[in-house]
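# Understanding the architecture of this molecule
The residues making up each chain are set out below.
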Amino acid sequence: ATTGAAPTAAAPGASSSSRFELLRTFRAAILAKFSTVVQAYKLFSRDTDPERDLNKAEWRNLLSRHGFPEFAGRREINSLFGELDFSGDNQVSLKEWYIALEMAAPVRTLEALRRRWISTGFKSMTQAIRAMDKDDNVVGSRRLDFDDFGKMLSQTQVDEEPDHRALFNAVCGDSQPTTSIEELHSAVAAVSPSLMLEDLRDKLSKRFKGDLERAFSYLDKDNGGSLDMKEFVSMAMRKFEMTQMEAEKVFREIDLDGGGDITTDEFLSAMAIAEPSLFLEELRLKVRQRYHSIRQALNKAFADEVTNGLESDAMLSKAKFTEALIPLGLMEPEIVQLFDLIDNNGDGELSAQEFMKGVQRFAPACVLEDLRVRCCQEYGHIREAFANIPMKTWAKQLDRQGFSKRLIGMRLLPSSGSDDLDVQAVFDLLDVNHEGSVTIGKLAAALCCCGAGSRAKLPDEERDDQARQTVQGDVANLQRSLWDFRKEVRAGKEAEVPLPAPLAGPMTEKLGESMKTKSKSGPEKEQAAMPSPVRDDKVTAAASDGVPPRLKTATQDDIPKFLKAVPSLAADCTCAAEVAVFDTKDSFENMWGRMHESPQHLQPGPAIRKDIHNYYQSVVLKLSQDAPLHHKVESRLATYHSKRIAQGGLRPSSQGGPRPGTAAAAKK
């Protein structure tokens, strides 16, 4: 899901620090409890539709329920709406809230820069790069010092000096005192999907109003269901004003299997992967960081006696890939999402080779991994590989052949030129202007920004924050499980809570069926609220281990209508019901335990145990339904009023008017 919003212009003279102060405080509180903002968003989404607009009262309830009461006050909610409610209708969706939190995040890495640009509404990274040169008076290859670099970034909603400094160091580091927009462009390309596909997707979405299947049909003039390179290049040059080099490059990036033609499924899959989505950025980073591990895991899992795993053409299910990749720290939903993006035809099967090609399309910077590793092996650090290159060589434009020679000269490519390294793919990634040339500066910027981990030592406070978030990420699955359990308990879904081992089996199913009858109405509902008599064999299992069967209390839906007519009586029903039946439950547990402790020949038979259980169950339901009437200590007047309400509810009405003693009758 993309933001769907246009880039938001900053108020004149307003810095992001002042504009995002409240949101950053909120974001810090979120990250104190969750490993990422995405995790909090997904958890909140279980309570409400992310697209639905929520008013202030609903936001107060949502934040209080999820453990953020300090932001649920009236003043805090008003301030929050002041930041987010751009339309002025006093409604903000959960999705808008999430996008705003991402917009307020510090921009200290290229991944964070990409998230900032997406959250501010840029549909492609190329669009953001163009926005840095609004007047067309800055040449992309012109050298920029730190001040000029910061001014360019400020044109794209990145206007804080610490962010400028971090990005400047990430792109050029200590090797050069200046950088260029083109080098920044290459660094952004290293943390993005294909920028050409991203830009093409934006153009097609605007022209065909999001119907990308219709866009393919428009290109497929002969309606053959596929496009060869000649047909695609011809249409792209005529209809989308692409150069021949750009069209051929796009074709290579879409043609995943290298078959020489593009099918509808391949086209739609490429467009889906190129979508600028905040929800894919975390997964893209994980995939880049684990690229070699993914290769090794698939090679090991699917190898046979003849071929290794990546050379096998065997079609494998989604479950097989999940089983192989789970140990790498990828969560099952992430693996499923990645698989579905790569699975062109949606048949649920891929070969290991197809999967790895899809991974390279999802995170194109994976093609730089071998080169990055060689830099570290040869020079110890990526920066050292480019430390002694003079500026003239640094900014010199190189064609494909010249680029290969430079890599050979740096001992990053064998002199024979034959190697597993896909030089053409690396060249295409760095050629962000699609002119058929790259520079060593672009290569250095991309390599420094695409690797796992930080490129520079972080302050102690930021390292502590990262360590805390890493730990929280490791326990995220457990946290979600506990949250689901707590939510079910609060909702009264007792049948879904794991029962003790002796209660497993038919009895659990029977209790589950009786608890699913809450939605019924009228006499049928009253009858359903009483559990069906328990058969002897269903009680025997519980009695054999001394664990008493669960007693169900009445829920809010089970309260008689005449009690709901008086809010003062029904307001604390749930709490009062628990207190009212506590002694009854305790008595039942004591009796059940005594029966179990008795000698075998004195223990009651299944029929008696069944009757005892049904008796206590009926008592608990009755007490929990009527708890508000007899549990609370009231004055004489309040007791008299409650009595009249109860009598009115129990007395049948002989006429069509309201019953005597009810709230409606009193009002009349």
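These numbers come from a predicted model, not from an experiment.

### Topic: the overall build of the protein
For the protein, the count of helices and strands is 38 helices and six strands. Residues counted as buried form 46% of the 668 residues belonging to the protein. Considering only contacts in the protein between residues 6 or more positions apart, those separated by 24 or more positions represent 69%. Working note: accessible area of the protein is about 33200 Å², and carbon and sulfur atoms make up 51% of it.

### Observations regarding a negative patch on the surface
The grouping of D257, D313, D347, E349 and E354 at the surface amounts to a negative patch. Relative to the helices and strands, D313 is located in the loop between α18 (291–302) and β5 (316–317). According to the relative accessible area criterion, D313 is exposed, its value standing at 60%.

### What about unusual backbone geometry?
Unlike most non-glycine residues, Q157 shows phi in positive territory, near 70°. Looking at where Q157 falls in the secondary structure, it is placed in the loop between α9 (146–154) and α10 (161–172).

### Comments concerning the packing of aromatic side chains
Summed over the entire model, instances satisfying the criterion amount to 21 aromatic pairs. On the basis of an interplanar angle of 65° and a centroid distance of 5.5 Å, the ring pair of F149 and F168 is categorised as edge-to-face. With F149 in helix α9 and F168 in helix α10, this residue pair connects regions lying 19 residues apart in the sequence. Each member of the pair, F149 as well as F168, carries the same accessibility label: buried.

### Describing the pattern of salt bridges
This model, assessed by the stated rule, comprises 22 salt bridges. Notably, a salt bridge pairs D199 with R130, separated by 3.4 Å at the nearest N-O pair. A residue pair is termed long-range when its members are at least 10 positions apart, and D199 in helix α12 (residues 195–207) and R130 in helix α8 (residues 125–131) qualify at 69 residues. The class of D199 is buried, set by a relative accessible area of 10%. Across the pair R411 and E378 runs a salt bridge whose closest N-O atoms are separated by 2.7 Å. Linking R411 in the loop between α25 (400–409) and α26 (423–430) with E378 in helix α22 (residues 369–379), this pair joins segments that are 33 residues apart in sequence. Looking at E378, the relative accessible area reads 37%, which means it is partly exposed. Connected through salt bridges with shared partners, the residues R114, E198, E281 and R284 form a single ionic network.

### Some details on the nonpolar core
The biggest cluster of nonpolar side chains holds 98 residues, and the ones touching the most others in it are L110, W117 and F386. Per-element tally for this core: the top contributor is helix α27 (residues 440–450), with nine residues. Membership of the second largest hydrophobic core comes to 27 residues, among which are L283, F302, L325 and F355.

### Notes on helix α19 (residues 318–325)
Among the residues of α19, those classed as buried are F321, T322, A324 and L325. Viewed end-on, α19 has its buried residues packed into an arc of 165°, placing them on one side of the element. Among the exposed residues of α19, those pointing more than 90 degrees away from its buried face are A319 and E323. Structurally, α19 contributes buried residues whose contacts are with α18, β5, α20 (332–342), β6 (349–350) and α21 (352–362).

### Describing the side chain of E183
As for its placement among the helices and strands, E183 is situated in helix α11 (residues 181–189). For E183, a relative accessible area of 3% puts it in the buried group. Within the local environment of E183, its side chain forms a polar contact with the side chain of W394, the two groups lying 3.0 Å apart. Those residues in contact with E183 that lie beyond four places of it in its chain are R143, V171, W394, G441, K442 and A445.

### As for the confidence of the model for the protein
Of the residues in the protein, 69% have a pLDDT of 70 or more, and the chain-wide mean is 75. In this model residues 1–15 is a low-confidence stretch, pLDDT under 50, and it forms 30 contacts with partners more than four residues away in sequence or in other chains. Segment residues 493–538: pLDDT under 50, and 64 contacts once partners within four positions in sequence are set aside and those in other chains are kept.

### Thoughts on the packing of α12 against helix α13 (residues 212–219)
In contact at an axis separation of 9 Å, α12 and α13 are set at 95° when each is read in the N-to-C sense. Judged by the inter-axis angle, α12 sits roughly perpendicular to α13. Across the interface between the two elements, R201, L204, S205 and R207 from α12 touch L212, A215 and Y218 from α13. A class-by-class count of the residues in the contact of α12 with α13 yields four nonpolar, one polar and two charged.

### Observations concerning a positive patch on the surface
Where like charges cluster on the molecular surface, the positive patch consists of R207, K221, R238 and K239. Topologically, K239 is positioned in helix α14 (residues 229–239). Its relative accessible area of 31% is what places K239 among the partly exposed residues.

### With respect to the environment of S277
Its place among the elements puts S277 in the loop between α16 (264–273) and α17 (278–289). When the C-alpha atoms of S277 and R115 are compared, they prove to be 8.6 Å apart, with 162 residues separating the residues in sequence. Separated by 3.2 Å, the side chain of S277 and the backbone nitrogen of F279 make a polar contact.

Thresholds, definitions, all that
- Residues numbered from 1 in each chain as written.
- Predicted model: local features only at pLDDT ≥ 70, side-chain atom pairs only at ≥ 80, totals over all residues.
- Heavy atoms only, no water.
- Helix = DSSP H or I, 4+ residues; strand = E, 2+ residues; numbered from the N terminus.
- Buried < 20%, exposed > 50% of the residue type's maximum accessible area, 1.4 Å probe, protein only.
- Contact = heavy atoms within 4.5 Å.
- Areas by Shrake-Rupley, 256 points an atom, 1.4 Å probe, with all protein chains shown as cover.
- Patch = residues over 30% accessible without salt bridge, like charges linked within 9 Å, V, L, I, M, F, W, Y side chains within 5 Å.
- Salt bridge = Lys/Arg side-chain N within 4 Å of Asp/Glu carboxyl O.
- Lys, Arg positive; Asp, Glu negative; His and termini not counted.
- Charge placed at Lys NZ, Arg CZ, Asp CG, Glu CD.
- Phe/Tyr/Trp six-rings, centres within 6.5 Å; stacked < 30°, edge-to-face > 60°.
- Core = buried A, V, L, I, M, F, W, Y, C linked by side-chain atoms within 4.5 Å.
- Arc of directions from axis to C-beta.
- Polar contact = N/O pair within 3.5 Å; in protein donor to acceptor, adjacent residues only side chain to side chain.
- pLDDT = per-residue confidence, 0-100.
- Axes fitted to C-alpha atoms, helices over the stretch in contact; angles between N-to-C directions.
- Parallel < 35°, antiparallel > 145°, perpendicular 65-115°, else oblique.
- Nonpolar A, V, L, I, M, F, W, Y, C, P; charged D, E, K, R; others polar.

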